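In case you want the letters, here they are:
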Amino acid sequence: MAVDIPLRREFSFEYGRLEPVAPGIRRIVARNPSPFTFRGTGTYVIGRGEVAVIDPGPDLAEHVEALLAGLSSERVTHILITHTHRDHSPAAASLKVATGAATYGYGPHAGGRRGEQGAEEGGDWDFVPDVTVRDGDSVAGKGWCFEAVHTPGHTSNHLCFALPDDRILFSGDHVMGWSTSVISPPDGDMAAYLASLNKLLGRRDAIYWPTHGPAITEPQPHVRAFIAHRREREAGILDCLAAGVGDIDAIVDRLYVKVQPGLRRAAGRSVHAHLIDLVGRGIIASEGPPTLDARYRRLRS
Ligand SMILES: [Zn+2]
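Structural notes, computed from the coordinates. What you are looking at is a predicted structure, and each value in this text was computed from that prediction instead of being measured.

Comments concerning the packing of helix α5 (residues 248-255) against helix α6 (residues 264-280)
Between α5 and α6, whose axes approach to 9 Å, the crossing angle comes to 110°. With respect to each other, α5 and α6 are oriented roughly perpendicular. Contacts from Ile-248, Asp-249, Ile-251, Val-252 and Asp-253 of α5 reach α6 at Arg-264, Ala-267, Gly-268, Val-271, His-272 and Leu-275. Across the contact of α5 with α6, the residue classes tally to six nonpolar, two polar and three charged.

Considerations on unusual backbone geometry
When glycine is set aside, most residues are seen to have a negative phi, and most peptide bonds are trans. The amide bond that connects Pro-185 to the next residue, Pro-186, takes the cis arrangement and shows omega of 10°. As for its position among the elements, Pro-186 is in the loop between β11 (168-172) and α3 (190-201). One non-glycine residue, Phe-38, adopts positive backbone phi at about 60°. Structurally, Phe-38 is set in the loop between β2 (25-29) and β3 (42-46). In this structure, Asp-55 is a non-glycine residue whose phi angle is positive, near 55°. Topologically, Asp-55 is positioned in the loop between β4 (50-54) and α1 (61-70).

Overview of the pattern of salt bridges
Side chains that carry opposite charge are capable of pairing whenever their charged atoms lie near each other. Under the defined criterion, the tally for this structure stands at 18 salt bridges. With a closest N to O distance of 2.9 Å, Arg-26 and Glu-74 form a salt bridge. Taken as a pair, Arg-26 in strand β2 and Glu-74 in the loop between α1 and β5 (75-80) lie far apart in primary sequence, 48 residues in all. Accessibility assignment for this pair places Arg-26 and Glu-74 in one class, buried. Of the charged contacts in the structure, one is a salt bridge between Lys-199 and Asp-135, with a shortest N-O distance of 3.1 Å. With Lys-199 in helix α3 and Asp-135 in the loop between β7 (131-132) and β8 (138-141), this residue pair connects regions lying 64 residues apart in the sequence.

Section: the coordination of the zinc ion
Those protein atoms acting as donors to the zinc ion are His-83 (NE2), His-85 (ND1), His-154 (NE2) and Asp-173 (OD), and they sit at 2.2 to 2.3 Å. Around the zinc ion sit four donor atoms; with metal-centred angles ranging over 87 to 174°, the donor geometry is irregular. Here the donor residues of the zinc ion share one chain and are spaced in sequence as H-x1-H-x68-H-x18-D. Each of the two residues, His-83 as well as His-85, counts as buried.

Re α6
When the terminal C-alpha atoms of α6 are compared, their 24 Å separation across 17 residues agrees well with the 24 Å that a helix rising 1.5 Å per residue should span. Burial runs high along α6: twelve of the 17 residues are buried. Looking at α6, one finds that the buried residues are Ala-266, Ala-267, Gly-268, Arg-269, Ser-270, Val-271, His-272, Ala-273, His-274, Leu-275, Asp-277 and Leu-278. Residues of α6 that are buried sit in contact with α3, α4 (219-242), α5, β13 (284-286) and β14 (296-298). Backbone geometry just downstream of α6 places Gly-282 in the positive-phi region, at approximately 75°.

Quick notes on the pairing of strand β10 (residues 159-163)
Of all five residues making up β10, five are buried, and the element is well covered by its neighbours. Judged by which residues are buried, β10 turns out to be covered on both faces: Leu-159, Phe-161 and Leu-163 on one side and Cys-160 and Ala-162 on the other are all buried. Where strand β9 (residues 144-150) meets β10, four bridges bridge the pair, whose relative direction is antiparallel. Bridge pairing links Val-149 to Cys-160 in β10. Relative to β11, β10 runs antiparallel, the two sharing three bridges. Its bridge partner being in β11, Leu-163 is matched across the sheet by Ile-168. In textbook terms, the turn of a hairpin is the stretch between consecutive antiparallel strands, and for β10 and β11 this stretch comprises four residues, one of which, Arg-167, has a positive phi near 55°.

Reading the values: rules and limits
- Residues numbered from 1 in each chain as written.
- Predicted model: local features only at pLDDT ≥ 70, side-chain atom pairs only at ≥ 80, totals over all residues.
- Heavy atoms only, no water.
- Axes fitted to C-alpha atoms, helices over the stretch in contact; angles between N-to-C directions.
- Helix = DSSP H or I, 4+ residues; strand = E, 2+ residues; numbered from the N terminus.
- Parallel < 35°, antiparallel > 145°, perpendicular 65-115°, else oblique.
- Contact = heavy atoms within 4.5 Å.
- Nonpolar A, V, L, I, M, F, W, Y, C, P; charged D, E, K, R; others polar.
- Salt bridge = Lys/Arg side-chain N within 4 Å of Asp/Glu carboxyl O.
- Buried < 20%, exposed > 50% of the residue type's maximum accessible area, 1.4 Å probe, protein only.
- Donors = N, O, S within 2.8 Å, 3.2 Å for Na, K, Ca; no water.
- Tetrahedral: all angles 85-135°; square planar, octahedral: opposite > 155°, others 65-115°.
- Expected span 1.5 Å × (residues − 1).
- Pairing = 2+ DSSP bridges.

Here's what the structure looks like:
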């Protein structure tokens, strides 16, 4: 039976306005809607007076100007980056120039070759954090203290930021309410992603605020459904291989019956991520290196 993921797409906001969404949390949504960003990038502001900004967003001048207008009588002291995709980190550069705040992140973009476009919006190769943050590190400012949670999978440098006392997690693109995450090799890694989902099951966070779309108010069942969904997809891929369907295009045809044309490439990337994981576990083999164009077969059933 197909796994039922409780996706949520109802999302009220106004472009260009910094709006309160919870006590001590404000959000402004950038006008960069797409099949991968939903309505656009949600930039969060935490605190009051001296604030942290999470994911300043794409390189859109109107977005940074609207954010700064909303903070006209306040000071940005910290810029936190969940990961280096082009819809998340590029605006850190202009926000840093305007405010003098330091940037915090796991590290520069690590995926693939420079200039290679993944299925998503691509990597931001220019971002280098001023302060390198690792799993469990604290980042503190006036009235708030984040705990960094390293959650590789969507990208190798993905961080979630928790406010443990409030049981809040800013989940970036690792866990979203409106959609599953794109796992696009080489930087996207299915085994790491599943481990990072399991890591969240061991935590006590009561609400997730993802970068795209609405908050997730029942995170544990949501995360469990994502894990079940990927296990189901993996089983479907193994069934394809058992039936002799061994290349990514044919697997996508069989498993993603209703996929929109614009998302077909992303579906292929996700299948590829599963295949790389299965090769790594010794369950399947590829003819030659496990590339997008390779043929795959089962080793044992
Ligand atoms: Zn992303």
